[in-house]
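Observations on the model geometry
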Amino acid sequence: LLVSVLSCKKDLSLEESTIISNPTLAAELRNNKEKVVIGNRTYFLEAYIYRNFMPGAESGLICSIKLKDINNSPIPSAITLNHLYVINDVNIWKTNYDEIRTDNKLYIEGVVRQGPKWETKSSVDIVGEFKMGSEKYQILTKAQKIGEVY
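So, here is what we can say about the structure in this document. Along each chain, numbering runs from 1 in the same order as the chain's sequence is written. Local features in this predicted model are restricted to residues of pLDDT 70 or higher, and side-chain atom pairs are both shown and tallied only at a pLDDT of 80 or more, whereas totals for entire chains, interfaces and linings draw on every residue. Only hydrogens and water are set aside; all other atoms, that is, all heavy atoms of the structure, feed into the side-chain values.

1. As for the overall build of the chain
- When you go through the chain residue by residue, the secondary structure sums to one helix and eleven strands.
- Runs of H or I in DSSP of at least four residues are treated as helices and runs of E of at least two as strands, each being numbered from the N terminus. Helices (α) and strands (β) of the chain occur, in sequence order from the N terminus, as β-α-β-β-β-β-β-β-β-β-β-β.
- Working definition: with a 1.4 Å probe on protein chains only, accessible area under 20% of the residue-type maximum means buried, over 50% means exposed, and in between means partly exposed. Counting all 150 residues of the chain, 45% fall into the buried class.
- Considering only contacts within the chain whose residues lie at least 6 apart along the sequence, 67% involve residues at least 24 apart.
- Areas reported here follow the Shrake-Rupley algorithm with a probe of radius 1.4 Å; residue values treat only the protein chains shown as occluding. When the accessible surface of the chain is totalled, it reaches about 8100 Å², and 47% of it is carbon and sulfur. Contacts are residue-level and defined by heavy atoms, with any inter-residue pair within 4.5 Å sufficient.

Below is the structure:
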């Protein structure tokens, strides 16, 4: 049984989006697994990250993540999304979700907007934090290329 549970570290609860430079935290976040097993279910994170350069649009990062079951089973309603961390070298954008979509039972989708204006085509690592009951979990997806929309 493989479970990645957060230890009792400092409180990372957020009231708003924050960008910090912290090599230790960046390394800790990157140590998370790309799959999390809870009971007999295995979860993974699918991400899409980009900047919107259309006229009149805010050009900061936008990221959409989907928490999915590896066997395409419905996501239990007891799972909730908490925070998102986007790691660029030692810089971390940590934020609450602007929008959470649960209308598709095969995944939970979270969207964040107005992030930093990091270079497009660069790669970042993304960590989604979620809860099931009272337990917190973090799951990693590596080397996500920042796209662009015009």
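2. A few points about the sheet that holds strand 9 (residues 123-132)
- Pairing between strands is defined by DSSP: at least two bridges between them are needed. Reading across the sheet, the five strands line up as 1-6-5-9-10 and stay open at both edges, with antiparallel pairing between neighbours. Each having just a single partner strand, strand 1 (18-21) and strand 10 (135-145) make up the two edges of the open sheet. On average, each strand axis in the sheet is inclined to that of its neighbour by 20°, with strand direction left out of account.
- Where strand 9 lies against strand 10, nine bridges are found, and the strand directions are antiparallel. Directly across from Ser123, in strand 10, lies its bridge partner Lys145.
- Helix 1 (residues 23-30) rests against strand 1, strand 5 (79-88), strand 6 (91-96), strand 9 and strand 10 of the sheet, and its axis sits at about 125° to strand 5. Interaxial angles span 0 to 180 degrees and are taken between N-to-C directions of axes, which are lines fitted to C-alpha atoms, for helices over the stretch in contact.

3. Side note on the pattern of salt bridges
- A side-chain nitrogen of Lys or Arg and a carboxyl oxygen of Asp or Glu constitute a salt bridge if their distance falls within 4 Å. Counting across every chain of the model gives six salt bridges.
- Taking the shortest distance from any N to any O, the salt bridge between Lys68 and Glu46 comes out at 3.1 Å. In this pair, Lys68 is assigned in strand 4 (residues 61-69) and Glu46 in strand 3 (residues 41-52), connecting sequence segments 22 residues apart.
- Here Glu46 falls in the partly exposed class, since its relative accessible area comes to 34%.
- Measuring nitrogen to oxygen at the nearest pair gives 3.2 Å for the salt bridge that ties Glu109 to Arg101.
- Linked through salt bridges whose partners overlap, the residues forming this network are Glu99, Arg101, Glu109 and Arg113.

4. A few points about the side chain of Ser64
- Tracing the chain through its elements places Ser64 in strand 4.
- Residue Ser64 is classed as buried on the basis of its relative accessible area of 15%.
- Under the rule applied, a polar contact is a pair of N or O atoms within 3.5 Å (in protein, one hydrogen donor and one hydrogen acceptor; residues adjacent in sequence only if both atoms are side-chain atoms). Within polar-contact distance, the side chain of Ser64 engages the side chain of Glu109 at 2.7 Å.
- Once residues within four sequence positions are removed from consideration, Ser64 is found in contact with Glu46, Ala47, Tyr48, Glu109, Gly110 and Val111.

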